[in-house]
Amino acid sequence: MALVQQLLDQHPGPLPIKGTFQCLSTEVFDFIVTGVSVRKPNTALGVAGVEIILTDNTGKQVGYTSGTIDGTLMGGRRAIISQFGQTSLNAGETYNFEVRPVYPECASDGKDFYTATIIY
Amino acid sequence: MDIQEIFSVQLTRLPYTTKFKMISNAQAFLYVAASVTARGAAGLIGVNVKIDGTVLAASVVYANEPASSRPTVAMIVKIPNPTVGEHELTLEATTQITMTGPLDYACGTIFYQGMSVDPFIWRFSGKVPQYTKFKSPMSGKAVLYLAGSAYIKTPQVCGLSVVMDGNVVAKTQMLPGIGNSHFALPPIFVPVQLKPKMYDIGVSTTIGEMLSDDNDNYEIGILF
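Predicted model, so just to flag it, every value in this text is computed and none were measured.

J.: Just give me the short version of the interface of chain A and chain B, but keep the residues and values in it.
T.: Size of an interface: often given as the accessible area lost when the parts come together. Of the residues lining the interface, 31 residues belong to chain A; the matching set on chain B comes to 44 residues. Buried area between chain A and chain B, summed over both chains or domains, comes out near 3,200 Å², and the portion from carbon and sulfur atoms is 66%. Counting every contact that joins chain A to chain B gives zero salt bridges. In this assembly, chain A and chain B are joined by nine residue pairs in polar contact (both at pLDDT 80 or more). Those elements that provide at least two residues to the side of chain A that touches chain B are β1 (4–12), β3 (29–34), β6 (61–70), β7 (78–79), β8 (81–82) and β12 (113–119) of chain A.

Following this line, the structure appears as structure tokens:
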């Protein structure tokens, strides 16, 4: 069976969302964040998106992935196109994660929902 | 489960072709997520996914607003006869009104299924709720995947849920920006606890106001 660990389950915004997790394996694992994004009003047209950053207890980045989409305000929030990220960490150790907008111009609020999952 | 990222790109034109190397002969399943733009008219837009020249599936969505980027309903499809070595993946326009806009994206991932049992993948279209049967071959945790589209008359938070034996086991929600306009919800990968038994499994809506029709499509996957 799969070894799978949920970091966020339809967690409402606004971003950033921070948390911790205990790594379950020393094997390489993949992780993904899904949700929606849009640019704030009165900002330039451009990309919107969400990223997830994994850090160790020293603050060093140990994993990263993101999802992006056309952030044009007209049309509203859109589901981001999320790619899996890949890393390997130490089993049993606790790590931090932060889900945040890819740019400060990206909006988020309590009506946005985010899911983040690790698949070992 | 071994997972291999094979591409993640800003999709500037169609067709898009890339080479990738499969790392195992095990059963393999391709996950593709993309966004595209409708050219001048409302209608179905999306990408056909080809490997080594064979169309495996299409990832589509109904676009009500021309010239507006839309994420398609992401998909997982079995790769026939997986073999170690170099292969070619192509994304091509599903319909004549499909084009790429200035900010469209696509990514692809391969899941290698080490176990001999096939995953459960159910792709369908039309109004939800819809249900089918699924027989779990074992007990324990699996990865549940859900993707789909819908629309709503008046924008409000709404979503799709996976129902197993009458219980909601997963959901994806969002606040759509436009009323009466089809939209793809964020796909989700979440854990699900299984027993070795037959399940009733299906897709429903999280609120009664949410609507769907023959232009909407869905996919549930359970990967072991």
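On we go.
J.: A description of the sheet that holds strand β5 (residues 54–63) of chain B should follow, citing residues and the corresponding values.
T.: Residue and element names in this part refer to chain B. Strand order across the open sheet formed by four strands is β2-β8-β4-β5, with antiparallel pairing between neighbours. Both edges of this open sheet fall to β2 (16–22) and β5, since each of them pairs with a single strand only. Adjacent strand axes in the sheet meet at a mean angle of 20 degrees when their direction is disregarded. Both strand β4 (residues 43–51) and β5 contribute to a ladder of nine bridges, which runs antiparallel. Paired with isoleucine 51 across the two strands is threonine 54, which belongs to β5.

J.: Outline the nonpolar core, listing residues and values.
T.: Residues and elements named next belong to chain B. Counting residues in hydrophobic clusters, the biggest one holds 80 residues, and the most contacted among them are Leu30 and Leu91. Element by element, the count of residues in this core is highest for strand β3 (residues 27–38), at nine residues. Viewed by domain, this core spans two of them, domain 1 (2–112) and domain 2 (120–223), each represented by three or more residues. Filtering out sequence-adjacent residues up to four positions away, leucine 30 remains in contact with Ile6, Val49, Ile51, Met75, Ile76, Val77, Ile79, Leu89, Thr109 and Ile110.

Conventions used here
- Residues numbered from 1 in each chain as written.
- Chains lettered and ligands numbered in written order.
- Predicted model: local features only at pLDDT ≥ 70, side-chain atom pairs only at ≥ 80, totals over all residues.
- Heavy atoms only, no water.
- Contact = heavy atoms within 4.5 Å.
- Buried area = accessible area lost by both parts, 1.4 Å probe.
- Salt bridge = Lys/Arg side-chain N within 4 Å of Asp/Glu carboxyl O.
- Polar contact = N/O pair within 3.5 Å; in protein donor to acceptor, adjacent residues only side chain to side chain.
- Helix = DSSP H or I, 4+ residues; strand = E, 2+ residues; numbered from the N terminus.
- Pairing = 2+ DSSP bridges.
- Axes fitted to C-alpha atoms, helices over the stretch in contact; angles between N-to-C directions.
- Core = buried A, V, L, I, M, F, W, Y, C linked by side-chain atoms within 4.5 Å.
- Buried < 20%, exposed > 50% of the residue type's maximum accessible area, 1.4 Å probe, protein only.
- Domains from an automatic or database assignment.

Such coordinate-based values are descriptive only and should not be taken to indicate function.
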